[in-house]
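# A closer look at the structure
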Amino acid sequence: MTAPGVFDAAAGTYDQARRRLVPCFDDFYGTAVDLAVPPLRAAAAAGRTPRVLDLGAGTGLVSVLVGTAVPGARVTLLDGAPAMLAVAVGHLSARGIDHEIHVADLCDPLPPGPYDAVVSALAIHHLDDAGKRDLYRRVREALVPGGVFVNAEQVAGPTPALDRRYHEVWLAQIGARGSDAAEIAAARERMSHDRPAPVRAQCDWLRDLGYAEVDTVFKAWRFAVFTGTNPSA
Ligand SMILES: C[S@@+](CC[C@H](N)C(=O)[O-])C[C@H]1O[C@@H](n2cnc3c(N)ncnc32)[C@H](O)[C@@H]1O
């Protein structure tokens, strides 16, 4: 089964476990929103409809946070799992957030922009490194000048020993938050599709691709939020 297929099958229970499985949930997603919001508000101040693309949007967690923070924003959600997007549509509609959905693969051409912000959470690590890099190239092309890319991501440790430590710490943290054996087994099954890369390498790719203002703004073990801006000139 593909990664979107695995998530599609789990769509009905996905939201319930989020805070247990992402121990740094508030800082992780909060940082992503803090990074995405300024160019969206700038677009609104300039009289344009702010536009944000959420890659691997799933049940719309990031889309809801960003759409709530910037009233009037139009959110475009892309995911390969239609059942996950169906849950997202419910969340967005209930909050009156303007949205459109695209059932597509992350390797497909992106929905037409341009976007003031492109965000992604816990999705791009399902691509191999060539796929990640190519997506980062296409994201920059889809951004307005001054637009921002934000990736809140699961990353690999910089060495095998640190990567093993990341995993041990995560297991201890989710156990302490009440994840039971079944939840951990299901998460592990989804993680068998993971191909995470170290955050430092991914920031280097962004710089190589011409992004400015590249930084890892938040990191807690395997959870990192990194960003780059499409330069204005
Ligand atoms: C862990 S979920 C994250 C969902 C959401 N961004 C969040 O933070 O809760 C990963 C999502 O990425 C999607 N995904 C993984 N690989 C994909 C691919 N190659 N193309 C499209 N979507 C993909 C899955 O279907 C799933 O909805």
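What this report covers is the structure whose coordinates are included nearby. Every chain is numbered on its own, with residues counted from 1 as its sequence reads. Residues qualify for local features only when their pLDDT is at least 70, as the model is predicted, and side-chain atom pairs are given and counted only at 80 or more; totals for whole chains, interfaces and linings, by contrast, use all residues. Derived side-chain values reflect all non-hydrogen atoms in the structure, with water molecules and hydrogen atoms excluded from consideration.

## Notes on the packing of aromatic side chains
- Any pair of Phe, Tyr and Trp rings, taking the six-membered ring for Trp, is counted once the centres come within 6.5 Å. Such a pair is stacked with planes under 30 degrees apart, edge-to-face with planes over 60 apart, and tilted for the rest. Under the counting rule described, the total for this entry stands at nine aromatic pairs.
- Aromatic side chains F28 and F223 sit 5.5 Å apart centroid to centroid with 75° between the ring planes, which places their arrangement in the edge-to-face category. Remark: F223 occurs in strand β7 (residues 223–229) and F28 occurs in helix α3 (residues 25–45); sequence separation between them is 195 residues.
- Between the aromatic rings of Y166 and W221, the centroid separation amounts to 6.1 Å while the plane-to-plane angle is 85°, which identifies the pairing as edge-to-face. Placement of the pair is Y166 in helix α7 (residues 160–176) and W221 in the loop between β6 (212–220) and β7, with a sequence separation of 55 residues.
- One aromatic cluster is present, built from ring pairs that chain together Y136, F149, W205, Y211 and F226. Each helix is a run of H or I in the DSSP string that is no shorter than four residues. Each strand is a run of E no shorter than two, and both are numbered from the N terminus.

## Section: the pattern of salt bridges
- Salt bridge, as applied in this entry: a Lys or Arg side-chain nitrogen positioned within 4 Å of an Asp or Glu carboxyl oxygen. Per the stated rule, a full pass over the model turns up twelve salt bridges.
- The salt bridge involving D98 is made with R74; its shortest N-O contact spans 2.5 Å. Of this pair, D98 sits in strand β3 (residues 98–103) while R74 sits in strand β2 (residues 74–79); the two residues are 24 residues apart in sequence, bridging distant segments of the chain.
- For D208, the salt bridge identified is with R133, shortest N-O distance 3.9 Å. With D208 in helix α9 (residues 199–208) and R133 in helix α6 (residues 129–142), this pair connects stretches of sequence that are 75 residues apart.
- Counted as one network, the salt bridges with shared partners bring together D134, R137, R138 and E141.

## Quick notes on the nonpolar core
- The criterion is simple. A nonpolar core is a set of buried Ala, Val, Leu, Ile, Met, Phe, Trp, Tyr and Cys residues joined through side-chain atoms within 4.5 Å. Three labels apply to residues, based on accessible area from a 1.4 Å probe with only protein chains included: buried if under 20% of the type maximum, exposed if over 50%, partly exposed otherwise in between. By size, the foremost hydrophobic cluster in this structure holds 42 residues, and its most contacted members are F28, Y29, V150 and V225.
- Ranked by residues supplied to this core, first place goes to α3 with nine residues.

## Quick word on the pairing of β2
- Extensive coverage of β2 is indicated by the burial of five of its six residues.
- With the strands aimed away from the viewer, a crossover counts as right-handed if its path from the first strand over the helix to the second runs clockwise. Regarding topology, helix α4 (residues 61–69) serves as the crossover connection from strand β1 (residues 51–55) to the parallel β2, and that connection is right-handed.
- Two strands make a pair as long as DSSP finds a minimum of two bridges between them. As paired elements, β2 and β3 share six bridges and run parallel to each other. Residue D79 lies in a different strand from β3, and its bridge partner there is V103.
- Each parallel crossover has a hand, and for β2 linked through helix α5 (residues 82–94) to β3 it is right-handed.

## Here we look at the pairing of β1
- Within β1, five of the five residues are buried, which leaves it mostly tucked inside the rest of the structure.
- Burial of β1 is two-sided: the residues R51, L53 and L55 facing one way and the residues V52 and D54 facing the other way are all buried.
- Note that β1 and β2 share five bridges and pair parallel. In the strand pairing of β2, L55 is matched with L78.
- Here β1 runs beside strand β4 (residues 115–121); their pairing, made up of four bridges, is parallel. Residue V52 lies in a different strand from β4, and its bridge partner there is A117.

## A closer look at the sheet that holds β2
- The mixed open sheet is built from seven strands, whose spatial order is β3-β2-β1-β4-β5-β7-β6. Edge positions in the sheet fall to β3 and β6, since each of these pairs with one other strand and no more. Shown here is a sheet whose adjacent strand axes are inclined to one another by a mean of 15°, direction ignored.
- Here α3 sits on the sheet in contact with β1, β4, β5 (143–154), β6 and β7, set at roughly 170° to β5. Only the contacting stretch of a helix is used when fitting its axis, a line to C-alpha atoms as for every element, and angles between N-to-C directions run 0 to 180 degrees. Every residue pair with non-hydrogen atoms within 4.5 Å of one another is taken to be in contact.

## Let's talk about α7
- Helix span is expected to be 1.5 Å times the residue number reduced by one. Across its 17 residues, α7 extends 25 Å between first and last C-alpha, which sits within 8% of the 24 Å expected from 1.5 Å per residue.
- Restricting attention to buried positions, one finds in α7 the residues Y166, V169, W170 and I174. Projected down its long axis, α7 carries its buried residues within an arc of 125°, all on one side. Opposite the packed face of α7, turned more than 90 degrees from it, sit the exposed residues P160, R164, A172 and A176. Summarising the geometry, the arc corresponds to the directions from the helix axis toward the C-beta atoms.

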